[in-house]
Amino acid sequence: MDVLQYGIGRWLHVMAGILWLGLLYYFNFVQADAMKAAQADGTAAGITKHVAPRALFYFRWAAVVTLLAGLMMLGPKIDDAYLFKDKAYIPIGVGAWLGTIMFFNVWAIIWPNQKKILGLVACTDDEKARARRVAFLASRVNMMLSMPMLFFMTGSGGLFRTPLFH
Amino acid sequence: MLRRRIRGGCARIRSQFPRMTAPAPVKNPFDSLLGTVILGLALTAILYYLVRSLVAP
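Residues numbered from 1 in each chain as written. Chains lettered and ligands numbered in written order. Predicted model: local features only at pLDDT ≥ 70, side-chain atom pairs only at ≥ 80, totals over all residues.

Section: helix H5 (residues 125-155) of chain A
In an α-helix there are 3.6 residues to a turn, and that puts residues three or four apart on one side.
Part 1 of the argument: Its 31 residues place the ends of H5(A) 45 Å apart at the C-alpha level, agreeing with the 45 Å of an ideal helix rising 1.5 Å per residue.
Part 2 of the argument: At A:Ser146, H5(A) is bent by approximately 30 degrees, the largest bend along its length, and proline A:Pro148 sits one to four residues beyond. (Helix = DSSP H or I, 4+ residues; strand = E, 2+ residues; numbered from the N terminus. Expected span 1.5 Å × (residues − 1). Bend = angle between axes of the 7 residues up to and from the residue.)

Right, here's the structure in full:
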């Protein structure tokens with residue numbers, strides 16, 4: 001059971017997390033600026049038609065796998081982490097909360113708006129422009145939250161361990 | 001006469017500094033990648049000190 005929970009669970013969590021955040025950083029560091037340049041020379045369709053849908057598919061499903069594997073690792077300590085019941089679980093609890101907020105940001109804000117941008121849902125040009133802005137800002141919020149989230153995910157086992165366990 | 005000259009002088013000075021006549025629109029830090037990274041670092045620092053104070057023995 002431990003092998004599944006901590007061995008495979010941690011491996012899945014890290015691997016899916018790399019895929020999720022890697023694509024988030026791709027959207028923020030590469031695609032946002034590339035899209036502006038592509039729109040200027042009329043080649044944006046290549047990105048919106050062939051690149052963005054594939055990237056978004058792995059992006060949102062990697063978020064699901066990351067969250068589920070993280071919850072599996074927390075196991076019976078899930079309430080200690082999320083409700084900050086145990087001091088030792090506060091750092092990972094903060095990381096878990098930030099990751100959970102990011103997950104809902106992906107599925108409740110970014111993806112529904114991206115569907116409008118990519119033309120998967122019928123909408124007017126005004127709605128599309130608004131969806132583009134909302135999805136962009138939600139993506140930037142996730143980019144900001146990813147920094148403390150990663151800090152607490154990695155720090156919970158190192159930086160905060162010394163005063164709590166020694 | 002003097003008041004009019006002063007007013008004219010002030011108007012001329014203002015015309016050299018457009019931001020004094022029209023306030024610059026407030027920029028959203030999320031529009032800039034650097035602004036987003038700085039916000040992320042600031043949030044990390046705030047949460048670090050908050051959590052450290054909570055877990056301190």
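Past the structure itself, the notes keep going.
Some points on the environment of A:Gln31
Residue and element names in this part refer to chain A.
Part 1 of the argument: Turning to its location among the elements, Gln-31 is positioned in helix H1 (residues 2-40).
Part 2 of the argument: Spatially, the C-alpha atom of Gln-31 lies 19 Å from that of Asn-105, the residues being 74 residues apart in sequence.
Part 3 of the argument: What Gln-31 contacts, discounting residues up to four positions off in sequence, is Tyr-26 and Ile-47. (Contact = placed C-beta atoms within 7 Å.)

Some remarks on the interface of chain A and chain B
Part 1 of the argument: Listed as interface residues are 17 residues of chain A and, on the opposing side, 14 residues of chain B.
Part 2 of the argument: Secondary-structure elements contributing two or more residues to the side of chain A that touches chain B are H1, helix H4 (90-117), H5 and helix H6 (161-165) of chain A.
Part 3 of the argument: Classifying every residue of the side of chain A that touches chain B gives 14 nonpolar, one polar and two charged. (Nonpolar A, V, L, I, M, F, W, Y, C, P; charged D, E, K, R; others polar.)

As for unusual backbone geometry
All names here are of chain A.
Part 1 of the argument: In this structure, Phe-84 is a non-glycine residue whose phi angle is positive, near 55 degrees.
Part 2 of the argument: Within the secondary structure layout, Phe-84 lies in the loop between helix H3 (78-82) and H4.
Part 3 of the argument: Classification of Phe-84 by C-beta neighbours within 10 Å gives partly exposed; the count is 17. (Buried ≥ 20, exposed ≤ 12 C-beta atoms within 10 Å, placed from the backbone.)

Notes on the environment of A:Pro112
Part 1 of the argument: Checked against the element boundaries, A:Pro112 lands in helix H4.
Part 2 of the argument: Taking the C-alpha atoms as reference points, A:Pro112 and A:Ala131, 19 residues apart in sequence, are found 8.5 Å from one another.

Concerning the packing of H4(A) against H5(A)
Residues and elements named next belong to chain A.
Part 1 of the argument: Interaxial distance between H4 and H5 falls to 8 Å at its minimum, and their mutual angle equals 160 degrees. Between H4 and H5, the angle falls in the class roughly antiparallel. The two elements H4 and H5 cross, and the hand of that crossing is left-handed.
Part 2 of the argument: Residue composition of the contact of H4 with H5, by class: 19 nonpolar, nine polar and four charged. (Axes fitted to C-alpha atoms, helices over the stretch in contact; angles between N-to-C directions. Parallel < 35°, antiparallel > 145°, perpendicular 65-115°, else oblique. Left-handed = near helix turned anticlockwise from the far one by under 90°.)

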